[in-house]
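Coordinates in review
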Amino acid sequence: MSDDLFTTLDRAAGRTAAEPGLDTLVGGLLAQVACGTRALRAVAHPLGFYCLPVLRDGALGVCVHVFDPASAAGQREIHCHSWELKSSVLYGRIGNLRIGVHDESARPTHRAYEVHSDPAAGVDEVRPTARLVRWEPLEEQTSGRGETYTLRAGEFHATVLPDGSPTATVVLGRTVPGPVDVLLGPLDGAARRVVRRLCDADRTARIAREAARRIGGRFDG
């Protein structure tokens, strides 16, 4: 069933904006969350959005990311994932800035930090490494409703909200062997532990209900 859901959403994300499919599928999932028939809790992600973890099954994952411009200050952080990413915009607009990162021991601007996550405990262990780097902006892509962008595992990027308006995406991830989650931070930073805040059932339902309403998802509760 997990593979079926991932495959169905993956195929729907590949269609053109004029073809119905993804909005209806994700709207239905959000309606289940809002009604309580799909049991999960929204997570206040450190990068400035609410994450609704629809699927976690081995290497596969599906999340709905709901961005609130008022609380999205952390989303510009430069980072890379240990998993391949396909992100489709459900409503609003999102900017994805690809970043070039180069080793630089003489005059570095940042240090690379490995992020080791324990989703079950909701904890991220952020550990400084010996890698010193400089970065440069590369291609910036802005995507609107019905559009999709992809990222390879290990590819550095930063996310922005170009219009400062409410935005939501559905993200399909597939973990691949080798890469780790990395965040760029200060040269003299220390190890730290980040505890992700878990929303209660009422807050989760409100987030899901509002997202479903905005994408035109069917919700009768």
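These numbers were taken from a predicted model, which means no experiment stands behind them. Along each chain, the written sequence defines residue order, and numbers are assigned to residues from 1. Restriction of local features to residues with pLDDT of at least 70 applies here, the model being predicted, together with a cutoff of 80 or more for giving and counting side-chain atom pairs; totals for whole chains, interfaces and linings are based on all residues. Side-chain calculation: all heavy atoms of the structure are included, whereas hydrogens and water are not.

To continue, consider the overall build of the chain. Along its length, the chain carries three helices and 14 strands. Here the C-alpha atoms of the chain give a radius of gyration of 17 Å, agreeing with the 17 Å that 2.2 N^0.38 yields for 221 residues. Sequence-distant contacts in the chain: of pairs separated by 6 or more residues, those separated by 24 or more amount to 80%. Values of accessible area rely on a 1.4 Å probe in the Shrake-Rupley scheme; residue burial ignores everything except the protein chains shown. Accessible area of the chain: about 11300 Å², with a carbon and sulfur share of 49%. Positive residues here are Lys and Arg, negative ones are Asp and Glu, while His and the chain termini are left out of the count. One atom stands in for each charge, and that atom is NZ of Lys, CZ of Arg, CG of Asp or CD of Glu. Counting 27 positive and 27 negative side-chain charges, the chain places the centres of these two groups 3 Å from one another. Every helix listed is a DSSP run of H or I at least four residues long, and every strand listed is a run of E at least two residues long, numbered separately from the N terminus. Our radius of gyration is a C-alpha quantity, and the globule rule it is checked against amounts to 2.2 Å times the number of residues to the power 0.38. Contacts are assigned to residue pairs that have any heavy atoms within 4.5 Å of one another.

We now examine helix α3 (residues 201–215). The terminal C-alpha atoms of α3, which comprises 15 residues, lie 21 Å apart, in line with the 21 Å expected from a rise of 1.5 Å per residue. Those residues of α3 that fall on the buried side of the exposure criterion are Thr-204, Ala-205, Ile-207, Ala-208, Ala-211, Ala-212 and Ile-215. On an axial view of α3, the arc spanned by its buried residues comes to 165°, and they lie on one face. For α3, exposure combined with an orientation more than 90 degrees from the buried face picks out Asp-202 and Arg-213. Along its buried surface, α3 packs onto α2 (22–35), β2 (49–57), β3 (60–67) and β5 (83–91). The distance from a side-chain oxygen at the start of α3 to the backbone nitrogen of Asp-202 is 3.3 Å, and the residue carrying that oxygen is Asp-200. Phi turns positive one or two residues past the end of α3, at Gly-216, with a value near 85°. Residue count minus one, scaled by 1.5 Å, sets the expected span of a helix. Residue burial is assigned from relative accessible area. The probe radius is 1.4 Å, only protein chains are included, and a residue is buried under 20% of its type maximum, exposed over 50%, and partly exposed in between. For this quantity, the arc is that covered by the directions from the helix axis to the C-beta atoms. We define a polar contact as two N or O atoms separated by no more than 3.5 Å, with the added condition that, inside protein, one atom must be a possible hydrogen donor and the other a possible acceptor, whereas residues neighbouring each other in sequence contribute only through side-chain atom pairs.

With that settled, consider the confidence of the model for the chain. Predictor confidence is given residue by residue as pLDDT, running from a minimum of 0 to a maximum of 100. Here the chain averages 89 in pLDDT, and 90% of its residues register 70 or above. When the criterion is pLDDT under 50, residues 217–221 qualifies, and its contacts beyond four places in sequence or with other chains add up to nine contacts.

So, about the sheet that holds β5. The strand order across the open sheet built from seven strands is β9-β5-β11-β3-β2-β1-β14, with neighbouring strands paired in antiparallel fashion. Strand pairing shows two members of the sheet lacking a second neighbour, β9 (148–151) and β14 (197–198), which therefore form its edges. What makes two strands pair is DSSP finding at least two bridges between them. Bridge analysis of β5 against β9 gives four bridges, and the strand direction is antiparallel. When the bridges of β9 are listed, Ser-88 appears paired with Thr-148. Angles here are taken between N-to-C directions and fall from 0 to 180 degrees, while the axes themselves are lines fitted to C-alpha atoms, restricted in helices to the stretch in contact. Packing against the sheet, α2 makes contact with β2, β3, β5 and β11 (167–175), and its axis sits at approximately 90° to β5. Sitting on the sheet, α3 touches β2, β3 and β5, and the angle it makes with β2 is about 95°.

To continue, consider the nonpolar core. Most often, soluble globular proteins have nonpolar side chains that are buried together. The definition of a nonpolar core used throughout is a set of buried Ala, Val, Leu, Ile, Met, Phe, Trp, Tyr and Cys residues joined through side-chain atoms within 4.5 Å. Membership of the largest hydrophobic core comes to 32 residues, with the highest contact counts inside it found for Val-26, Leu-30, Leu-52, Val-64 and Val-66. Where this core is concerned, the elements lending two or more residues are α1 (2–13), α2, β2, β3, β5, β11 and α3. It is α2 that contributes the most residues to this core, six residues altogether. Leave out the neighbours within four places in its chain, and Val-26 touches Leu-9, Val-64, Leu-90, Val-170 and Ile-215. Core analysis: the second largest hydrophobic core is formed by twelve residues, Phe-49, Cys-51, Cys-63 and Leu-161 among them.

Aromatic ring pairs are defined here through the distance separating the ring centres and the angle between the ring planes. When the centres of two rings from Phe, Tyr and Trp lie within 6.5 Å, Trp using its six-membered ring, the rings pair. Their planes under 30 degrees apart give stacked, over 60 give edge-to-face, and anything left gives tilted. All chains considered together, the criterion is met by one aromatic pair. Taking the centre distance of 5.1 Å and the plane angle of 50° together, the rings of Phe-49 and Phe-67 count as tilted. On the criterion of sequence distance, the pair formed by Phe-49 in strand β2 and Phe-67 in strand β3 is long-range, its members being 18 residues apart. Of the two residues, Phe-49 and Phe-67, both sit in the buried class.

Any Lys or Arg side-chain nitrogen located within 4 Å of an Asp or Glu carboxyl oxygen qualifies as a salt bridge. All told, the structure shown has eleven salt bridges when counted by the stated rule. Arg-196 is the partner of Asp-124 in a salt bridge, and the nearest nitrogen-oxygen pair spans 2.7 Å. Within this pair, whereas Asp-124 is found in strand β8 (residues 123–144), its partner Arg-196 is found in the loop between β13 (192–195) and β14, the two being separated by 72 residues in sequence. Overall, the relative accessible area of 27% leaves Arg-196 in the partly exposed class. Where Glu-125 meets Arg-193, a salt bridge forms, and the shortest distance between an N and an O atom there is 2.8 Å. A residue pair is termed long-range when its members are at least 10 positions apart, and Glu-125 in strand β8 and Arg-193 in strand β13 qualify at 68 residues. For Glu-125, a relative accessible area of 26% gives the class partly exposed. In this structure Arg-193 comes out as exposed when scored by relative accessible area, which is 57%.

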